[in-house]
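Understanding the architecture of this molecule
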Amino acid sequence: MSSKLTHLDESGTARMVDVGGKTPARRTAVASGSIAMSDEALQAIREGSVKKGDVLATARIAGIMAAKKTGELVPLCHPLPIDAVNVDFTFGHGSIHATATASIEAKTGVEMEAITAVSVALITIYDMAKALDKGMVIGGIRLIAKDGGKSGRWRAAGHEDLEL
C-alpha cells in the first residue's frame, strides 16, 4: 500500500516521521478560532468581572502551556523546544476570536503547536465563563498561515497578505 501521507509507512501503519536528516529552518505558524457566547458572558469577560478571575490572561497562559506540550498530546507530533508562542484575543459581535503564533528554528514545523494553543485557549475561556453561558460554541479552529520548511510559505484564503 503506497501512501502520500507521511505518518503512514508503506503498509499503512502509523509512524512518527523521521526528521533526522532534515536541515533546521526558521518556521512560523499562525492558527485561529473563536468562541461564540451570550452578551452577558461577553460583557463579563470584557469588564473582568468573571468570578474565576481574568479570563483572557488565564486563557493566554493556558494556550502557551498547551503549545509547549503538543508533542505529549498529539501522538505522532515531535516534542519541540518552541522559541516563542503568542496568543492574542479580539472581541467580535457575540464572540471572542483567538489567534496563536508559534515559531521555532527546527527540522519540523509548528502548525500543530499553534492549533493546540488556540484550542486550549478557547477551551479555557469556556471553562472560566461556563457559569454564565453553558451554551458557548467553539469553532473555526484552523491554520491560517505558515512559513518555512519544505513547503515554504502558505496562507489560507483571505489571509494572503499576512506577514509573519
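First, a word on what this report is: a plain description of the structure on this page. Owing to the predicted nature of the structure, the values given are computational and were not obtained by experimental measurement. (Residues numbered from 1 in each chain as written. Predicted model: local features only at pLDDT ≥ 70, side-chain atom pairs only at ≥ 80, totals over all residues. Heavy atoms only, no water.)

Considering the overall build of the protein chain
Selection criterion: Secondary structure elements follow DSSP: runs of H or I of four or more residues count as helices, runs of E of two or more count as strands, with numbering from the N terminus. Burial status follows relative accessibility: with a 1.4 Å probe on protein chains alone, a residue under 20% of its type maximum counts as buried, one over 50% as exposed, and anything between as partly exposed. The accessible surface values rely on the Shrake-Rupley method and a 1.4 Å probe; as for residues, cover is taken only from the protein chains in view. For this count, His and the chain ends are skipped, Lys and Arg are scored as positive, and Asp and Glu as negative. Charged groups are reduced to one reference atom each: NZ for lysine, CZ for arginine, CG for aspartic acid, CD for glutamic acid.
Looking only at helices and strands, one finds four helices and five strands in the protein chain. In the protein chain, the order of α-helices and β-strands from amino to carboxyl end is β-α-α-α-β-β-α-β-β. Judged by the C-alpha coordinates and their principal axes, the protein chain covers about 50 × 35 × 25 Å. Expressed as a percentage of its 164 residues, the buried residues of the protein chain come to 39%. Entry remark: accessible area of the protein chain is about 9,200 Å², with carbon and sulfur atoms responsible for 56%. For the protein chain, the centre of its 19 positive side-chain charges and the centre of its 19 negative side-chain charges are spaced 3 Å apart.

Concerning the sheet that holds strand E1 (residues 25-36)
Formally: What makes two strands pair is DSSP finding at least two bridges between them. Residue contacts are counted whenever heavy atoms from the two residues lie within 4.5 Å of one another. Throughout, an axis means a line fitted to C-alpha atoms (over the contacting stretch in the case of helices), and angles, computed between N-to-C directions, take values from 0 to 180 degrees.
What the five strands build is an open sheet, ordered E2-E3-E1-E4-E5; its pairing is antiparallel. For this open sheet the edge positions go to strand E2 (84-92) and strand E5 (154-155), each flanked by a neighbour on one side alone. With two bridges connecting them, strand E4 (residues 137-147) and E5 associate as antiparallel partners. Following the sheet pairing, Ala145 is matched in E5 by Arg155. Here helix H4 (residues 111-129) sits on the sheet and contacts E1, E2, strand E3 (95-106) and E4; the angle it forms with E1, its principal contact strand, is near 25 degrees.

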